[in-house]
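Architecture and fold: a report
So the chains spell out like this:
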Amino acid sequence: MTVARKITQVENELLQEVSKERLMRFTEEISREVRLSGTEEELRAFQYAKENLDSFGLKTELLFCDAYISLPGKASLTVGGETVPCITHAMAKPTEGLEATVVYVGKGASSDYESQAVLGRVVLIDGLAIPGAVKIAAEHGAVGAIFVNAKYTHEMIVSPVWGNPVPDTVGLLPRIPVVSVTVDAGERIKEKIAASDNLCKITAEVDTRYRPIPTLIAEIKGAEQPDKFVLFSGHIDSWHYGVMDNGTANAVMLEVARTLAQYQGKLKRTLRLAFWSEHSHGRYAGSAWYCDTYWEELTENCVLHINIDSVGAKGATVLTEANCMAETRDFAKEVIKVLTGDSFKGSRFGRAGDQSFWGTGTPSLFMGLSEQEPSDDPASKAFGQLFGAGKSGGFGWWWHTTEDTLDKIDPDNLERDCKIYLVIVYRFLTDPVIPVNPVAAVDDILEGLSGWQMKAGKHFDLTLTIERTEQLKAQVSRLAEQIGGTGEEDQEKAALINETLMELSRLLVPLNYVKESQFGHDLALKQPPIPKLAEIDRLIQLESDSNEYKILQTSLIRKHNEVNYTLKKANQLLAKMLG
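Values in this document were obtained by computation on a predicted structure and should not be read as measured data. (Residues numbered from 1 in each chain as written. Predicted model: local features only at pLDDT ≥ 70, side-chain atom pairs only at ≥ 80, totals over all residues. Heavy atoms only, no water.)

Here we take up the overall build of the chain. Broken down by element type, the chain carries 16 helices and 14 strands. The globule rule puts the C-alpha radius of gyration for 579 residues at 25 Å, and the 24 Å found for the chain is close to it. Dimensions of the chain, computed from C-alpha atoms along their principal axes, come out at roughly 80 × 65 × 40 Å. Looking at the chain residue by residue over its 579 residues, the buried ones come to 59%. Of the contacts formed within the chain by residues at least 6 apart in sequence, a portion of 79% connects residues at least 24 apart. On the chain, roughly 22,900 Å² of surface is accessible, and the fraction owed to carbon and sulfur atoms is 50%. Each charge class in the chain was averaged separately, 61 positive and 80 negative side chains, and the resulting centres sit 2 Å apart. (Helix = DSSP H or I, 4+ residues; strand = E, 2+ residues; numbered from the N terminus. Rg over C-alpha atoms; globule rule 2.2 N^0.38 Å. Buried < 20%, exposed > 50% of the residue type's maximum accessible area, 1.4 Å probe, protein only. Contact = heavy atoms within 4.5 Å. Areas by Shrake-Rupley, 256 points an atom, 1.4 Å probe, with all protein chains shown as cover. Lys, Arg positive; Asp, Glu negative; His and termini not counted. Charge placed at Lys NZ, Arg CZ, Asp CG, Glu CD.)

Every disulfide links exactly two cysteines, by a covalent bond between their sulfur atoms. Tallied over the full model, the rule gives zero disulfides. Unpaired in terms of disulfides, Cys65 finds its nearest cysteine sulfur in Cys291, a separation of 13 Å. The exposure class of Cys65 is buried, given its relative accessible area of 9%. No disulfide involves Cys291; its sulfur sits 9.8 Å from that of Cys302, the nearest cysteine. (Disulfide = S-S within 2.5 Å.)

Turning our eyes to something else, we now look at helix 16 (residues 547-578). In this model helix 16 runs 47 Å from its N-terminal to its C-terminal C-alpha over 32 residues, within 8% of the 46 Å that 1.5 Å per residue would give. Note on helix 16: the residue one or two positions beyond its end, Gly579, has a positive phi of about 75°. (Expected span 1.5 Å × (residues − 1).)

In terms of residue burial, strand 11 (residues 302-307) counts as a mostly covered element, since six of its six residues are buried. Examined bridge by bridge, strand 11 and strand 14 (residues 364-365) share two bridges and lie parallel to one another. Looking at strand 14, one finds that His305 is bridged to Ser364. (Pairing = 2+ DSSP bridges.)

This next bit is on the pairing of strand 10 (residues 269-276). Burial runs high along strand 10: eight of the eight residues are buried. Here strand 8 (residues 199-220) runs beside strand 10; their pairing, made up of five bridges, is antiparallel. For Ala218, the partnering residue across the bridge sits in strand 10 and is Leu273. Note: strand 9 (residues 225-235) against strand 10, eight bridges, orientation parallel. From the neighbouring strand, His235 faces strand 10, where its bridge partner is Trp276. For the crossover that starts at strand 9, traverses helix 6 (residues 243-261) and ends in the parallel strand 10, the hand is right-handed. (Right-handed = clockwise from strand over helix to strand, strands pointing away.)

With that settled, the discussion passes to the pattern of salt bridges. Inspection of every chain in the model, using the stated rule, returns 32 salt bridges. The shortest N-O distance in the salt bridge between Asp431 and Arg5 comes to 3.0 Å. Remark: Arg5 occurs in the segment before helix 1 (9-17) and Asp431 occurs in the loop between helix 11 (411-430) and helix 12 (438-456); sequence separation between them is 426 residues. A single network of salt bridges, built from pairs that share partners, joins Arg5, Glu11, Glu334, Arg427 and Asp431. (Salt bridge = Lys/Arg side-chain N within 4 Å of Asp/Glu carboxyl O.)

With that out of the way, let us pick up a positive patch on the surface. The grouping of Lys333, Lys337, Lys345 and Lys391 at the surface amounts to a positive patch. By the secondary structure assignment, Lys391 is in the loop between helix 10 (378-387) and helix 11. (Patch = residues over 30% accessible without salt bridge, like charges linked within 9 Å, V, L, I, M, F, W, Y side chains within 5 Å.)

Under the counting rule described, the total for this entry stands at 17 aromatic pairs. Measuring from centroid to centroid gives 6.4 Å for Trp289 and Tyr294, while their planes differ by 90°, and the two rings are edge-to-face. Among the residues examined, Trp289 registers a relative accessible area of 18% and is labelled buried. Feature note: the residues Trp276, Trp289, Tyr290, Tyr294 and Phe357 constitute an aromatic cluster, connected by ring pairs. Over the ring of Phe229 we find Arg272; its NZ or CZ atom is 3.9 Å from the centre of that ring. One Lys or Arg, Arg348, reaches over the ring of Tyr513 and ends 4.0 Å from the middle of that ring. (Phe/Tyr/Trp six-rings, centres within 6.5 Å; stacked < 30°, edge-to-face > 60°. Lys NZ or Arg CZ within 6 Å of the ring centre and 35° of its normal.)

Another aspect to go through is the packing of helix 2 (residues 20-30) against helix 3 (residues 40-55). Where helix 2 contacts helix 3, the axes come no closer than 9 Å and their chain directions differ by 145°. Residues Arg25, Phe26, Glu29 and Ile30 of helix 2 form the contact with helix 3, whose participating residues are Ala45, Tyr48 and Asn52. Partitioned by chemical class, the residues of the contact of helix 2 with helix 3 number four nonpolar, one polar and two charged. (Axes fitted to C-alpha atoms, helices over the stretch in contact; angles between N-to-C directions. Nonpolar A, V, L, I, M, F, W, Y, C, P; charged D, E, K, R; others polar.)

Turning to the side chain of Thr362, a few remarks are in order. Note on placement: Thr362 falls in the loop between strand 13 (347-348) and strand 14. Polar contacts involving the side chain of Thr362 include one to the side chain of Thr360, which spans 2.7 Å. Contact partners of Thr362, with chain neighbours within four places excluded, come to Leu298, Cys302, Leu304, His305, Met325, Phe357, Arg506 and Val509. (Polar contact = N/O pair within 3.5 Å; in protein donor to acceptor, adjacent residues only side chain to side chain.)

What follows covers the environment of Ala145. You can see Ala145 is positioned in strand 6 (residues 144-148). For the pair Ala145 and Val122, spaced 23 residues apart in sequence, the C-alpha to C-alpha distance is 5.3 Å.

Before going further, it helps to spend a moment on the environment of Arg188. Topologically, Arg188 is positioned in helix 5 (residues 183-194). Put simply, Arg188 and Pro531 are 343 residues apart on the chain and 41 Å apart in space, counted from C-alpha to C-alpha. Setting aside chain neighbours within four positions, we find Arg188 in contact with Glu82 and Pro85.

Turning to unusual backbone geometry, a few remarks are in order. A cis amide bond links Asp245 with the next residue in sequence, Asn246, at an omega value of 25°. Phi at Glu278 takes a positive value of approximately 70°, unusual for a residue other than glycine. Tracing the sequence through the fold places Glu278 in the loop between strand 10 and helix 7 (285-293). Phi at Ile530 takes a positive value of approximately 45°, unusual for a residue other than glycine. Position of Ile530 among the secondary structure elements: in the loop between helix 14 (491-513) and helix 15 (536-539).

Below is the structure:
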C-alpha cells in the first residue's frame, strides 16, 4: 500500500546524527554487569538508561511492580556413574538428587513418545529446552528432562505461562526438573542408554518467587497528536553479560531517543520508549504487567509496537526474515530496501518476545532484526526455527550463553540496524496517515481461513466467515485508494482514515493473533493464524459420533461465532466510513 519513498532531507540529517562510537559506548556501559531480573545490577543498568534519557530532555518515569521471577542456580548430572556438566533453567522444578533411568525421545514431539515408555523416567531430548517440549514430557509421565543443545548450553525459560501466573495458568508451571547438556555430552548419554547403563541423578537449584522489578518509560511528546504514540520497547535484563541480548538493543533505543529529541517539533505523534525487566527470567512479565496496567490507554492510543532484541552482531547479514505482521511488512520492506538494498520478506510472529500487546489490537513490527546466515550447525538450525521461520541462522551461536560478550558485536552492523529503526520510528511518528496496510492484514486472515477450511472439510463450515472476509477485502481496498490520495494538506481526511485504521486494527489483530481473551495473555506456545479456530486440528482426528467430537464441536461453534461477529463489525466500520 505504501508508495516507495526515498530518504528525505530531514531523514538524512537524522541518519548523519547516528554515531557507532556512541552506540558502542552505550552498549559497553549497559552490559558492564550481569543483569538478572530484580537484582541491584539490573537496576543500575536501568538507572544508567534513565540518566541518559533525562540528559536528552525526555520525560522519564521508573515504575516498579511485583513479578514472578525464576533464577536458575547450580545443577549437577550423572549418567551411568559419569558426571556430565549441565545447566538448569528458569521456572524448572528444583530437585535434590532425583534418580531415574534415562530414555531417548528424539526431538520430544508427541509422536516421539508413541513407542517409548517414559512413565517415571527422565527423557533425553534433542534441541533447546523449550516449554512445549517440557510440557509434553510431563504429560507423558516423565519425571525429568535432559536437553541436548549444541557446542554450548543455552539458557532458557521452560514455562509456557506468559507473565505472572493467574488461577487458570498457575497449574501449567513446570512440574519436573530440566537440565541441558552440550551435544558431545548428549552423545555420551545416548551411548550409555544403548548400553543400558542409563541410571541418572539430577540435582538442580532454581529460586522462583515474587520480586520487585523496574520498568522504565520515557517520552518525546508529539506536536499535533500527543495522545497517540508509538511504543518502542526492549528488555534490559540479561543472561550473563548479554552484550548482544540485549545491550545493543538498549543502545539503539538510547541513540534513537537522543536523535529524535532534537527534532521534537517535527513529530506529529508521541514516541514512548519502554525498557522491560523480566523478559528472560519471568516470561515477559514486565511487558505483560505494563499491558495489564495500561490496557485502555494502549488500545485507545497506541498506533504501533516496535520491539528490538539482539541487534548489531558480527556476521548478522540477514535482514529479510525478521518478525512482522502482514500489515507492517510493506512498511519495513520499504525502509530496509532504501537503506540497505535488501528485499525484506518477514516472517509471522511466533508466540515469543515481548509481544504482550496483541490483545489491545496494536499492530506490531519486529522482535529482532538482523540475523546470521543459515547453516547446518545444530545451534543455527534451532535458532532459525525460533527467529526466522527456518530461513536464517538466528542471532548467533553465543545467544543465551556465557559467550555473549563485546567481541560478538560489529559496530558497522550496529550502526546499520540503528539507522533502520530510526527511520521506521520517525516515519511512524510523522506520516500523515498511519502506515499500516489493512489490505495485507485481510489477505493474511483470508489465507488463514482458507487453510482452516481445507483442513476442516465436511467437519466444519467456514463459508460465511470467508464470505465476510472477502467482503472486507473489497472494502479495505477502497480504503487503500483513499489513503493513496491523502496528502499533508488533507488533515481532516487523514484524521478520519487514522481513526478507522486504528479501530480496524483493534478488531483484526486479536482475530489473527489471540486465542483466548483479549484481556489476558495466551501461553508461550506455537500458535496458528486465527487461533480461535485451532480446535479444528483436534476435531478432524475424532470420530464424528463420539462424545468428545460433539463437545469439541460445541466449543468450536462458540469461537466461530466470535470470529464471524468480529468480521461483521469490521465490515460495518468500513461501510460507515466509506459511505
